[in-house]
Amino acid sequence: MTELRFARDVYAGEAVDEAVKTWSRFADFALTETEAHWVVQVTPKHEAAARQIIGEFGNFVLGLTVDRGGVS
Amino acid sequence: MSSENQISFTDIPDAIASASGTDRSVSMTVDSELYPLQAVYGASYIFIDRCYVFIDRPAPGSYRITLSAKQSVEEAEALRQLVGEFANELLSCTWRHQVTQDNRVAIETVTVQAIAGAMGEPSLDDLADFDFTDEALDDPLGIAQSWEEKHGRPSPDAKAKTASEPGADEAKADAEEASA
Amino acid sequence: MKPINLAEIKPRPGTQAFFRWRQIGDDAILITNLEGNWLILTVEEFTQFARGESTPDSPLHERLLDKNFLRSNYDVQAASERVKARKYFVHGGPLLHVMVVTLRCNETCVYCHASRANMDEVDTDMSIETARKAVDLALSSTNGFITIEFQGGEPLVNFPVVKEIIEYATERNKEIQKRLEFTMVSNFALLTEEKLQYLLANKVQLCTSIDGPEELHNAQRKLPVSHNAFQAAAGWIKRVNEAYIEIGLDPTLYHVEALLTTTKATLGKWKEVVDTYVGLGCKTIFLRPVDPFGFAERARLRLEYPRGEYLEFYRKSVDYMIELNKQGVEILERYAAIFLTKMLRGEDPNFLDNRNPAGAGIGQLAYSYDGKVYSCDEGRMLAATQDQTFCLGDVDTPYRKIVGHETIRAMVIATNLDQQPDCVNCAYNPYCGTNAAYNYKAQGSVFGRMRDNNVCAVHKGIQDYLFEKLAENDPEVMAIFERWTTIRPREHFVQDPGQTPALEAAEAEV
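Thresholds applied
- Residues numbered from 1 in each chain as written.
- Chains lettered and ligands numbered in written order.
- Predicted model: local features only at pLDDT ≥ 70, side-chain atom pairs only at ≥ 80, totals over all residues.
- Contact = placed C-beta atoms within 7 Å.
- Helix = DSSP H or I, 4+ residues; strand = E, 2+ residues; numbered from the N terminus.
- Nonpolar A, V, L, I, M, F, W, Y, C, P; charged D, E, K, R; others polar.
- Pairing = 2+ DSSP bridges.
- Axes fitted to C-alpha atoms, helices over the stretch in contact; angles between N-to-C directions.
- Core = buried A, V, L, I, M, F, W, Y, C linked by C-beta atoms within 7 Å.
- Buried ≥ 20, exposed ≤ 12 C-beta atoms within 10 Å, placed from the backbone.
- Domains from an automatic or database assignment.
- pLDDT = per-residue confidence, 0-100.
- Parallel < 35°, antiparallel > 145°, perpendicular 65-115°, else oblique.
- Left-handed = near helix turned anticlockwise from the far one by under 90°.

It is worth spelling out the interface of chain B and chain A at this point. Contacts between the two partners involve 21 residues from chain B, matched on the other side by 19 residues from chain A. Counting residues per element, the ones that place at least two in the side of chain B that touches chain A are helix 1 (37–46), strand 4 (51–56), helix 5 (147–152) and helix 7 (168–179) of chain B. Residues of the side of chain B that touches chain A, tallied by class, amount to 12 nonpolar, 4 polar and 5 charged.

Take the sheet that holds strand 3 (residues 38–41) of chain C next. All names here are of chain C. Strands sit in the order 1-2-3 across an open sheet of 3 strands; the sheet is antiparallel. Bordering the open sheet on either side are strand 1 (20–25) and strand 3, each of which pairs with just one other strand. Pairwise comparison of adjacent strand axes, ignoring direction, gives a mean angle of 25 degrees for this sheet. Sheet topology places strand 1 next to strand 2 (residues 28–32); 5 bridges connect them, and they run antiparallel. For Gln23, the partnering residue across the bridge sits in strand 2 and is Ile29.

It is worth spelling out the nonpolar core at this point. Counting residues in hydrophobic clusters, the biggest one holds 141 residues, and the most contacted among them are Ile31, Met99, Ile165, Ala233, Ala336, Phe339 and Tyr367 of chain C. Residue assignment places this core across two domains, with domain 1 (6–86) and domain 2 (96–394) of chain C each supplying three or more. Setting aside its immediate chain neighbours within four residues, Tyr367 of chain C contacts His97, Val98, Met99, Val100, Ala134, Val373 and Val395 of chain C. In terms of nonpolar packing, the next biggest core, distinct from the first, is built from 46 residues, Tyr11 of chain A together with Val26, Val30 and Cys93 of chain B among them.

Our next topic: the confidence of the model for chain C. Residues and elements named next belong to chain C. Model confidence for chain C is summarised by a mean pLDDT of 93, while 97% of its residues fall at 70 or above. Within the model, pLDDT remains below 50 along residues 506–510, and this stretch shows 13 contacts once partners closer than five positions in the same chain are excluded. Among the scores for the predicted complex, ipTM is 0.93 and pTM is 0.86.

What follows deals with the interface of chain B and chain C. Each partner contributes to the interface: chain B provides 24 residues, whereas chain C provides 25 residues. Elements that contribute at least two residues to the side of chain B that touches chain C include exactly helix 2 (76–102) and helix 3 (104–119) of chain B. When residues of the side of chain B that touches chain C are assigned to their parent elements, the largest contribution, 11 residues, is made by helix 3 of chain B. By residue class, the composition of the side of chain B that touches chain C is 12 nonpolar, 8 polar and 4 charged.

Residue and element names in this part refer to chain A. Running from amino to carboxyl end, helix 1 (residues 13–23) crosses helix 2 (residues 50–67) at an angle of 135 degrees, the nearest separation of the two axes being 8 Å. On the basis of the axis angle, helix 1 is oblique to helix 2. Helix 2 is crossed by helix 1, and the crossing has right-handed handedness. Across the interface between the two elements, Ala15, Val16, Glu18, Ala19, Thr22 and Trp23 from helix 1 touch Phe57, Phe60, Val61, Leu64 and Thr65 from helix 2. Grouping the constituent residues of the contact of helix 1 with helix 2 by class yields 8 nonpolar, 2 polar and 1 charged.

This is the structure we're talking about:
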């Protein structure tokens, strides 16, 4: 399991949600939050591709955030 | 986003950039007063074909961008090049951000004229096909719903309603998560 | 060149109106304004101007006044009219419609691997149905001028579809009444007398590729069987030029033009390249640098070169062309003609890759053999490498959705130099343009970064050269530049909207 902490003033919460939905085929996700972060615990379903899954998930969240024009 | 086996670049201050050979990643810390978030987004986005990119806020007033190369990186020089390229792109995006604000009216005027000129006036068929409703904004999977809304508003009705619809598993998970 | 010292000059706001500047010689500073007027000042004059100290009734003051560089006398109306004239194309809509009738090609070029197919890959031919829909889409353009350009692959490989497009478009245009033209870019190796007669009868403008002298051309463009791509092209250039004379056209205006792709091997052969073109009867050379589209990555090292070397090649070539012109030989360089038209005439020749904003989507569309529609030909070539970024839909997509596509909006913004760092301050802003598809391919975003952008380096280098020539003010050279910017329209190639397409000429062969 890897914990990713997405700063709330950088990443849109909706983007994290949507990315989790899209990537749930490839990893299990547990979501919590702090005052400053969206906290996502990622457990890739394919160990051999763990780095790729976590990395692409992170890019996906960034891409969706940019698509939305950033954090509202 | 962790780093081991730190590498220093002789020509870039440690306070700005540090790299990890084992993670084939490099992190850069930049001043958010100098580089607005929109510029950080712009520069970061350009690297997502080559790198996994994470942005965080190590302290108020700064952004840290971590670039983790998708392909194996043999030498520290390759990581240094990533930092250098990113820094140049970030500067370019920052300036563009400013220039775009300064020239917004001119840019918008030209763009609207160009697109409207190419499209021409809508025909009656175009108008007949135009969606005047708000249905395009419907969001059956709750994707557009914000994290805050979901976590702050448990909805037992939604659970019962969505159980028989496509995507029910995800909706159920969302609802459970929301009520947890 | 010894750079001027701004700290010594001490510029300050004063009598100047908005201007941009660039040093082009030891004692020559170019200043340009928003509407594209320009002056070349000595360092002493520039110092006065930059300090806002131009003295009324002085010769400098008169020159500044005449070109609208003075704040107190700034003629807003005149500036506005000139900007409007320069930007007349903005709302015109797509006029160039590139139709890739097949990817199959009989030649194998060293710089073109990804966007061609072998001769047996007939599935890369455009179908008649797709061709008709592409024509319908093209004729839906808001632009009253429509040029359909046949490309490939090699368009002659799928001649039945070329014919279909010509005949269907001509027939439909009877009702639509646009100013319709056809052009074909071909290596000519598959041309026959019958096909030529058909193309002549239907007023199709013909253009080919010549990469320089025979040895270089054949090394870069491999033609199976005869193994002499150069002779194949050269023979037909001569024949087409003869045919134009036979039908009564003025040979100084109507002749085959050719396109050059400058590779590393071309750079040392600037004189041979020019001599070859002159020998073939061409009046124009377009010294295009190789671009990053369509060729395999491994070919890049063999073909690419630093743009500084290209600019040396460019200077030597154009210097030589100017010398030939002085001896009465009529030959012009196309890049120079494009820029000079903007600099000297205040007009824009509407070259789609070098205007502001660029023509992708709003000035041109590209139709691939499979019916997909792209913002530009470069976008189509990128798709051949599995990147569909510039795909706007297909021939079944409504026209307004194609040109109103969000990718087009992004490209229009990205090629607007008023949002481009560097360009906003560049003295060449009024005459220049950037290419979003190139920026995307080379630098990862449609915006690009002009400081390390090859297209920018080439555009700046060419304009440096031209302004140096303008600064020299040699009357003979100025007269040559005047000729290079005199556009003589080729009215013969405009289809008569009332005319029925000529079918007979080709029946025997195709």
